[in-house]
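Given next are the chains, with one letter for each unit.
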Amino acid sequence: PGLLDKLEQGTRAAAPPSGQFYELRLLFLLTALRPELRVQLQKEGGVSLLTTALEKCLSPQWKNFHEAVPDPSGPPVSTELSQCATEILKILFNVTYSNRRQQPDDESAALYRHLAAVLRHSLLLSCERDESTEELQSHAVNLLSALPLECLDVLLSVPLSGGSLEWEGFNMDCVHALMLFMEKGNTWMLTPVLNLLTESCRVHRQTRHYLRRQILPPLRDVSVRPEQGDSVKSRLVRLMTHVDTDVKDCAAELLFVLCKENVSRFVKYTGYGNAAGLLAARGLLRGRGKGSNPQGEYSSDSNSDTEEYKQAKARINPVTGRVEEDHPDPMEGMTEEEKEEEAQKLISMINRLSRDQINEPMAVTPEGKLAPLELPKQEALAEDRQSEEDSEEEDK
């Protein structure tokens with residue numbers, strides 16, 4: 001309570017008092033370690049007080065309750081103020097995170113919408129140091145991902161101005177800022193922004209259209225793998241096989257939603273090899289159908305294939321997602337008996353891997369998921385194994 005009293009006094013002062021950063025850091029640590037303090041702050045108006053303190057640091061000029069007027073010619077945020085703002089964002093995240101899946105009442109929804117408007121303002125600011133700008137944006141994104149999704153409509157409802165990015169009548173300045181943050185962000189800070197963009201695309205068609213135009217433009221050059229290159233799409237496809245499973249899943253989910261959760265389109269842009277992880281998790285390995293997430297509301301599919309893609313489509317390797325160079329047939333010139341002998345050798349090697357428990361024979365079920373081979377197939381493998389052993393004995 002003493003820290004909150006000091007914070008409230010600081011919001012009435014002309015400038016943040018000296019030493020406020022350390023008080024905020026202490027409050028952050030307390031909210032991280034004591035769940036009962038987070039609940040207390042929720043009940044006693046802590047979110048409103050902290051939002052006011054955040055405004056004090058970032059100085060937005062309000063046109064209305066949900067719209068801050070940008071000032072491109074304004075000075076950057078000082079290091080001291082950006083540090084205090086970052087600590088406030090971390091405290092607010094601790095306090096609001098546990099309620100992100102709950103339906104807010106009208107009073108809470110109005111408060112969260114105003115907070116989202118402040119966060120939108122913070123994403124478009126610059127600080128005296130680039131590191132401070134990145135840190136401020138990172139924690140703003142974290143907090144946005146913790147707010148109820150229905151309260152984020154204020155990110156797009158800002159009227160268009162002279163320098164705004166417009167798409168289908170909506171202001172895309174904030175969405176573009178989030179995309180730039182994702183593009184330049186380090187791996188450890190990608191999960192929140194990927195989640196935020198994915199959920200926004202699910203519920204807002206214009207956001208999905210804008211990001212799809214930026215990330216997944218119509219395919220023209222199919223001579224390189226989807227993961228090769230410096231584009232945003234190439235980086236996201238590379239992340240689909242990242243060792244960090246959270247980042248991997250979030251990157252795949254964003255691309256899947258940009259493809260309107262359509263399996264064929266998803267494989268077209270990423271290659272089946274990169275897409276297999278998400279498709280296996282969704283039960284879509286058979287390569288048909290759409291995702292089953294009820295939150296996604298998508299318009300009917302339209303054919304957007306370019307002439308270049310149509311001409312190369314028949315030669316594209318679906319696994320790698322590109323046109324492969326022609327390779328000589330390794331079985332050219334072999335007799336049918338020699339081909340059959342090579343096939344038996346391959347079966348023998350697969351059986352040996354299974355027998356030594358190096359891998360387990362799997363199959364795709366009718367539901368589109370991987371499962372161990374059915375018993376009859378296992379028995380057939382056992383028979384093949386026995387015949388292999390018999391043939392080895394005969395060779396001796």
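Here, the structure is the one placed above.
As the structure is a computational prediction, the values presented were derived from the model and not from experiment.

Peer 1: Help me out: how do you make sense of the nonpolar core in this one?
Peer 2: A general feature of soluble globular proteins is that nonpolar side chains tend to end up buried together. Among the nonpolar cores identified, the biggest contains 91 residues, and M182, I215 and L236 are the most heavily contacted of them. With nine residues, the top contributor of residues to this core is helix α12 (residues 245-258).

Peer 1: Where do I start with the packing of helix α11 (residues 232-239) against α12 in this structure?
Peer 2: If you want to describe how two helices pack, look at the angle between their axes and the distance between the axes. At a closest axis distance of 8 Å, the pairing of α11 and α12 adopts a crossing angle of 135 degrees. If you check the angle between α11 and α12, you find them oblique. Crossing of α11 over α12 shows left-handed handedness. Of the residues in α12, those in contact with L236, V237 and L239 of α11 are V247, K248, A251, L254 and L255. Here the residues of the contact of α11 with α12 are counted per class, giving seven nonpolar, no polar and one charged.

Peer 1: Could you clarify how one ought to interpret the state of the cysteines in this entry?
Peer 2: Going through the model one piece at a time under the given rule, you end up with zero disulfides. Left without a disulfide partner, C57 is nearest to the cysteine sulfur of C84, which lies 5.1 Å away. On the accessibility criterion, C57 (3% relative accessible area) is buried.

Peer 1: Could you clarify how one ought to interpret a nonpolar patch on the surface in this entry?
Peer 2: Side chains of L346, M349 and I350 sit close together on the surface and give an oily, nonpolar patch of about 290 Å² of accessible area. Checked against the element boundaries, M349 lands in helix α16 (residues 336-355). In this structure M349 comes out as partly exposed when scored by relative accessible area, which is 47%.

Peer 1: Would you mind showing me how to read the packing of helix α9 (residues 190-203) against helix α10 (residues 205-215) here?
Peer 2: Running from amino to carboxyl end, α9 crosses α10 at an angle of 120 degrees, the nearest separation of the two axes being 5 Å. For the element pair α9 / α10, the angle class is oblique. α9 and α10 meet at a crossing whose hand is left-handed. Of the residues in α10, those in contact with L197, S200, C201 and V203 of α9 are R205, T207, R208 and L211.

Peer 1: Mind showing me how you'd approach the packing of aromatic side chains here?
Peer 2: Each aromatic ring pair is summarised here by two numbers: the centre-to-centre distance and the angle between the ring planes. Considering all chains together, one arrives at four aromatic pairs under this definition. Geometrically, the ring pair formed by W167 and Y210 is edge-to-face, given 5.9 Å between the ring centres and 70 degrees between the ring planes. Residue W167 is found in strand β3 (residues 166-167), and its partner Y210 is found in helix α10; the two are separated by 43 residues along the sequence. Taking the centre distance of 5.1 Å and the plane angle of 65 degrees together, the rings of F256 and F266 count as edge-to-face. Of the two residues, F256 is situated in helix α12 and F266 in helix α13 (residues 263-270); the sequence distance between them amounts to ten residues. An identical accessibility class is assigned to F256 and F266; each is buried. The positively charged end of K90 is found above the aromatic ring belonging to F28, 4.4 Å away from the centroid. Its end group placed over the ring of Y309, K268 keeps NZ or CZ at 4.7 Å from the ring centre.

Peer 1: Help me understand unusual backbone geometry in this model?
Peer 2: Negative phi characterises most residues that are not glycine, and trans characterises most peptide bonds. Despite not being glycine, S59 shows a phi value in the positive range, around 50 degrees. As for its placement among the helices and strands, S59 is situated in the loop between α4 (46-58) and β1 (61-64). Judged by relative accessible area, S59 falls into the partly exposed class, the value being 45%.

Peer 1: Hey, could you run me through the pattern of salt bridges in this one?
Peer 2: Pairing of side chains with opposite charge becomes possible as their charged atoms draw close. Evaluated as defined, the whole model comprises 16 salt bridges. Among the ionic pairs, E253 bridges to R202, the shortest N-O distance being 2.4 Å. A residue pair is termed long-range when its members are at least 10 positions apart, and E253 in helix α12 and R202 in helix α9 qualify at 51 residues. Residue classification places R202 among the buried residues on the basis of a relative accessible area of 3%. For E336, the salt bridge is made with K339, and the minimal N-O distance between the two is 3.7 Å. Of the two residues, E336 and K339 are both situated in helix α16; the distance of three residues between them amounts to about one turn of the helix. Members of the salt-bridge network, linked through shared partners, are E199, R202, E253, E261 and R282.

Definitions and cut-offs
- Residues numbered from 1 in each chain as written.
- Predicted model: local features only at pLDDT ≥ 70, side-chain atom pairs only at ≥ 80, totals over all residues.
- Heavy atoms only, no water.
- Core = buried A, V, L, I, M, F, W, Y, C linked by side-chain atoms within 4.5 Å.
- Buried < 20%, exposed > 50% of the residue type's maximum accessible area, 1.4 Å probe, protein only.
- Helix = DSSP H or I, 4+ residues; strand = E, 2+ residues; numbered from the N terminus.
- Axes fitted to C-alpha atoms, helices over the stretch in contact; angles between N-to-C directions.
- Parallel < 35°, antiparallel > 145°, perpendicular 65-115°, else oblique.
- Left-handed = near helix turned anticlockwise from the far one by under 90°.
- Contact = heavy atoms within 4.5 Å.
- Nonpolar A, V, L, I, M, F, W, Y, C, P; charged D, E, K, R; others polar.
- Disulfide = S-S within 2.5 Å.
- Patch = residues over 30% accessible without salt bridge, like charges linked within 9 Å, V, L, I, M, F, W, Y side chains within 5 Å.
- Areas by Shrake-Rupley, 256 points an atom, 1.4 Å probe, with all protein chains shown as cover.
- Salt bridge = Lys/Arg side-chain N within 4 Å of Asp/Glu carboxyl O.
- Phe/Tyr/Trp six-rings, centres within 6.5 Å; stacked < 30°, edge-to-face > 60°.
- Lys NZ or Arg CZ within 6 Å of the ring centre and 35° of its normal.

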